[in-house]
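What follows is the residue order along each chain.
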Amino acid sequence: MLSKSMETALNRQVNREMYSAYLYLAMSAYFETASMKGFAKWMRIQAKEEQTHAMKIYDYIIARGGKVTLDAIEAPKAKWASAGKVFEEVFSHEQKVTAMINNLVDLAIKEKDHATFEMLQWFVKEQVEEEEHASEIVSQIAILGDVVGHLFWLDHQLGKRE
Ligand code: FEO
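First, a word on scope: everything that follows refers to the structure included in this document. (Residues numbered from 1 in each chain as written. Predicted model: local features only at pLDDT ≥ 70, side-chain atom pairs only at ≥ 80, totals over all residues. Heavy atoms only, no water.)

1. A short note on the overall build of the protein chain
Looking only at helices and strands, one finds 5 helices and 0 strands in the protein chain. When its helices and strands are written in sequence order, the protein chain yields α-α-α-α-α. When the backbone C-alpha atoms are referred to their principal axes, the protein chain occupies close to 55 × 25 × 25 Å. Taking all 162 residues of the protein chain together, the buried fraction comes to 42%. Long-range contacts, defined here as pairs at least 24 residues apart, represent 80% of the contacts in the protein chain between residues at least 6 apart. Of the accessible surface of the protein chain, which amounts to about 8,900 Å², a share of 59% is contributed by carbon and sulfur atoms. Of the charged side chains in the protein chain, 19 are positive and 24 negative; the average position of the first set lies 4 Å away from that of the second. (Helix = DSSP H or I, 4+ residues; strand = E, 2+ residues; numbered from the N terminus. Buried < 20%, exposed > 50% of the residue type's maximum accessible area, 1.4 Å probe, protein only. Contact = heavy atoms within 4.5 Å. Areas by Shrake-Rupley, 256 points an atom, 1.4 Å probe, with all protein chains shown as cover. Lys, Arg positive; Asp, Glu negative; His and termini not counted. Charge placed at Lys NZ, Arg CZ, Asp CG, Glu CD.)

As structure tokens, then:
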């Protein structure tokens, strides 16, 4: 059985993962309007992944006899100055998500909630990858030059994501 404080914290994380999905979908739409189809595809797949993150926690709350409470999802912004700015935001957003996951782990340790601690280890590992991928793309854009005309190769590469 989950404690009330853990149930509240996990429900909050469901909301933040859904917000991440929404944010990345907004970024995908931004790239669609810029005719950067590969970037748009990468972001759309990323948005889907975030939904699976939310559902992992959602299912876990239910499995532990908790109550799922769904809050309103904050509206993401719709415009960015460049592809580089988008990925800088992805990187800083993922760093914030990592901090949220770490706070949940701290709570699980404080409450001696071993099952939640164990479930969260998947997210701890996932965040290493999430930050790594975002920061790699930030570096690639910086090398190529943060203007659309220089990013066709990267657009093609990112479009290969399945
Ligand atoms: Fe669900 Fe990108 O962290």
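Following the structure, the description resumes.
2. Focus: the packing of aromatic side chains
All told, the structure shown has 7 aromatic pairs when counted by the stated rule. Judged by centre distance (5.6 Å) and plane angle (70°), the ring pair of Tyr 30 and Trp 80 falls under edge-to-face. Of this pair, Tyr 30 sits in helix α1 (residues 4–33) while Trp 80 sits in the loop between α2 (37–63) and α3 (83–110), and the two are 50 residues apart along the sequence. Look at Tyr 30 and you get buried, because its relative accessible area is 15%. Seen from the ring of Trp 122, Lys 56 lies directly overhead, with NZ or CZ sitting 4.2 Å from the centre. The aromatic ring of Trp 42 is capped on one face by Arg 161, whose charged end is 4.6 Å from the ring centroid. (Phe/Tyr/Trp six-rings, centres within 6.5 Å; stacked < 30°, edge-to-face > 60°. Lys NZ or Arg CZ within 6 Å of the ring centre and 35° of its normal.)

3. Some remarks on the layout of surface pockets
Of the voids in this model, the largest pocket is the one considered here, and its volume is about 200 Å³. In terms of lining residues, the largest pocket is bounded by 14 residues, among which Trp 42, His 133, Glu 136, Ile 137 and Arg 161 are the most central. Broken down by secondary-structure element, the contributors of at least two residues to the lining of the largest pocket are α2, α4 (114–144) and α5 (152–158). Per-element accounting of the lining of the largest pocket gives the leading share, 7 residues, to α4. Taken together, the residues of the lining of the largest pocket sort by class into 4 nonpolar, 4 polar and 6 charged. (1 Å grid on protein atoms, 1.4 Å probe; cavity = no way out; pocket = protein on both sides within 12 Å on 5 of 7 lines; lining within 4 Å. Points joined across faces, edges and corners; volume = space filled by probe spheres on them. Nonpolar A, V, L, I, M, F, W, Y, C, P; charged D, E, K, R; others polar.)

4. Some remarks on the environment of His 93
Inspection of the secondary structure puts His 93 in helix α3. In this structure, the C-alpha to C-alpha distance between His 93 and Ala 108, residues 15 residues apart in sequence, is 23 Å. Once residues within four sequence positions are removed from consideration, His 93 is found in contact with Tyr 19, Ser 20, Leu 23 and Tyr 24.

Structural measurements only, silent on function.
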